[in-house]
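Chain residues, written in single-letter form:
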Amino acid sequence: MGLTDRELWTAVHGMILWTIFLLGFAAGLAGLWNLRPECVAVAGMPRQLRRLLSGLWVAAAAAWAAVLTGTFVLYPWYRARPPEGANLANYPRAYLQANPEFAEWHDGMEWKQQVAWLAPILATAVAYVAMRYGLGLAVEAKIRRTLMILLTVAFLTSGVAAFVGSFINKIVSMH
Amino acid sequence: METENTALTNGAAAAAILASAIGACALGALTAVSEVVASLRPLLAFYPPAGPLSGRAALAVLVWLAAWACLHASWKERQVDFSKIFIWTLILLAGGLIGTFPPPFEELGEMLRSMR
């Protein structure tokens, strides 16, 4: 049983790239949380910092790859116009709009596609600041807290994208 | 021999953080405006199969990078009032999150068109 092109790209986008982002986010948030003055003196902190930076850059790269594949590979398939008499199940946007009970999911899709772009922008900013300041962030509490907020907003926007995307895929899968 | 000042100011962080919020707000503003003014949508379809999303995203990324470059150039060696930057970051991020939700702006656009 093989995967079609569309199923493969959907899996890469939704299951692989956003999962990698989630792992990087978790490592990044935990790392930033632990980057406090009382923790910096602990032996092994430089190694933890390297892990934190790797996590943040991996999260940023995965978020970029996810929004690029989502926008330029999957979204054109989602919004393709069906020819006259076509089976709408192969045209997700048309299918959702043609069924009143699912029409609101199209609004959700429109939101998901825009808001997901915030994740890579915010994650890149967080990764850059963490790289530039390194252990110095331990004494810059305001900056560190702001980075954690930005990273959390990036996570929430990707969460919206994942939630809406998975439900739409449940209603009308791309084959 | 010159000594290098290794103390980091907060300007570079403020620039990166504020620029990301400016990019987010730009995405929200582009989405909201192009939903209200329907004639803008074809202009934003840089990659037609993806529709106006391609232009909104590309322009928002450009705004983000340009804002980052400008702010970084002017703040990288300065100590800035980070509390103000934090407040502006939250305001711009909220604007971005609100603007990226198209349905209210679509309805507003339709209402304005029906009034003409």
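Residues numbered from 1 in each chain as written. Chains lettered and ligands numbered in written order. Predicted model: local features only at pLDDT ≥ 70, side-chain atom pairs only at ≥ 80, totals over all residues. Heavy atoms only, no water.

### Some points on the overall build of chain A
Stated formally: Segments assigned H or I by DSSP are reported as helices when at least four residues long, segments assigned E as strands when at least two residues long, and all are numbered from the N terminus. Here the term buried applies to any residue with accessible area under 20% of the maximum for its type, exposed to any over 50%, and partly exposed to those in between, with areas from a 1.4 Å probe on protein chains only. Note on contacts: a residue pair qualifies if any of its non-hydrogen atoms lie within 4.5 Å across the two residues.
If you tally the helices and strands in chain A, you get seven helices and zero strands. Going residue by residue from the N terminus, the α and β elements of chain A occur as α-α-α-α-α-α-α. Principal axes of the C-alpha set define a box for chain A whose edges measure 70 × 35 × 20 Å. Scored against the burial criterion, the 175 residues of chain A give a buried share of 46%. Pairs at least 24 apart in sequence give 79% of the contacts found in chain A among residues at least 6 apart.

### Things to note about the overall build of chain B
Cut-off, in case you're wondering: Computation of the radius of gyration draws on C-alpha atoms alone. For the globule rule, the value is 2.2 Å times the number of residues to the power 0.38.
Across its full length, chain B holds five helices and zero strands. Along its sequence from the N terminus, chain B presents helices and strands in the succession α-α-α-α-α. For 116 residues, the compact-globule formula gives about 13 Å, and the C-alpha radius of gyration of chain B, at 18 Å, lies well above that figure. Along the first, second and third principal axes, the C-alpha set of chain B runs to 70 × 30 × 20 Å. Each of the 116 residues in chain B was classed as buried or not, and the buried ones make up 46%.

### What about the interface of chain A and chain B?
For the record, the criterion: We call two N or O atoms a polar contact when they sit within 3.5 Å, provided that within protein one can donate a hydrogen and the other can accept it, with sequence-adjacent residues counted only if both atoms are side-chain atoms. Following the grouping adopted for this structure description, the nonpolar residues are Ala, Val, Leu, Ile, Met, Phe, Trp, Tyr, Cys and Pro, the charged ones are Asp, Glu, Lys and Arg, and the polar ones are all others, Gly among them.
Contacts between the two partners involve 30 residues from chain A and, on the opposite side, 39 residues from chain B. Applying the counting rule to chain A against chain B returns seven residue pairs in polar contact (both at pLDDT 80 or more). Listed by contribution, the elements that provide at least two residues to the side of chain A that touches chain B are α3 (45–79), α5 (103–115), α6 (118–133) and α7 (141–171) of chain A. No other element matches the nine residues that α6 of chain A contributes to the side of chain A that touches chain B. Looking at the side of chain A that touches chain B residue by residue, the class counts come to 19 nonpolar, six polar and five charged.

### Section: helix α1 (residues 5–34) of chain A
Residues and elements named next belong to chain A. Using the following cut-off: How far a helix is expected to stretch is found by multiplying one less than its residue total by 1.5 Å. The reported bend at a residue is simply the angle between two axes, fitted to the 7 residues ending at it and to the 7 residues beginning with it.
With 30 residues, α1 should reach 44 Å at 1.5 Å per residue; the first-to-last C-alpha distance of 42 Å fits that figure. At Val 12, α1 shows its maximal kink, close to 30 degrees. Tucked into the core, α1 has its buried residues touching α3, α5, α6 and α7.

### Side note on α5 of chain A
The end-to-end C-alpha distance of α5 of chain A, which contains 13 residues, comes to 19 Å, matching closely the 18 Å that a straight helix rising 1.5 Å per residue would cover. Those residues of α5 of chain A not exposed but buried are His 106, Gly 108, Met 109, Glu 110, Lys 112, Gln 113, Gln 114 and Val 115 of chain A.

### Looking at the confidence of the model for chain B
Residue and element names in this part refer to chain B. Note the cut-off: Scored from 0 to 100, pLDDT records how confident the predictor is in each individual residue.
Of all residues in chain B, 94% attain a pLDDT of 70 or more, and the chain-wide mean is 90. Mean pLDDT per element in chain B: helix α5 (residues 102–115) is the minimum at 80, and helix α3 (residues 52–75) is the maximum at 97. The low-confidence segment residues 1–6 (pLDDT under 50) makes zero contacts with residues lying over four places distant or belonging to another chain. Across the interface, the model reports ipTM at 0.89; the global pTM reads 0.91.

### Structural notes on the packing of α5 of chain A against α7 of chain A
Residue and element names in this part refer to chain A. For clarity, the threshold we go by: Lines fitted to the C-alpha atoms define the axes, with helices restricted to the stretch that makes contact. Angles between their N-to-C directions range from 0 to 180 degrees. Should the near helix be turned anticlockwise from the far one by less than a right angle, the crossing is left-handed, and should it be turned clockwise, the crossing is right-handed.
Interaxial distance between α5 and α7 falls to 9 Å at its minimum, and their mutual angle equals 145 degrees. When you trace α5 past α7, the crossing you get is left-handed. Between α5, through Trp 105, Gly 108, Met 109, Trp 111, Lys 112 and Val 115, and α7, the contact on the second element is made entirely by Thr 157, Val 160, Ala 161, Phe 163, Val 164, Gly 165, Phe 167, Ile 168 and Ile 171. The residue makeup of the contact of α5 with α7, split by class, is 11 nonpolar, three polar and one charged.

### As for the pattern of salt bridges
Opposite charge on two side chains lets them pair, provided their charged atoms get close. Residue and element names in this part refer to chain B. Cut-off, in case you're wondering: One speaks of a salt bridge when a side-chain nitrogen belonging to Lys or Arg is within 4 Å of a carboxyl oxygen belonging to Asp or Glu.
In this structure the tally under the stated criterion is one salt bridge over all chains. In this structure, the salt-bridge partner of Glu 35 is Arg 56, at a minimum N-O distance of 2.8 Å. Linking Glu 35 in helix α1 (residues 11–36) with Arg 56 in helix α3, this pair joins segments that are 21 residues apart in sequence.

### Here's the deal with the environment of Thr 146 of chain A
For Thr 146 of chain A, the position within the fold is in helix α7. Classification of Thr 146 of chain A by relative accessible area gives buried; the value is 3%. Sequence separation between Thr 146 of chain A and Ala 63 of chain A is 83 residues; the distance between their C-alpha atoms is 19 Å. Discounting residues that sit within four places of it in the chain, Thr 146 of chain A has contacts with Ile 17, Phe 82 and Phe 86 of chain B. Within the structure, Thr 146 of chain A has its side chain in polar contact with the backbone oxygen of Lys 142 of chain A (distance 2.7 Å).

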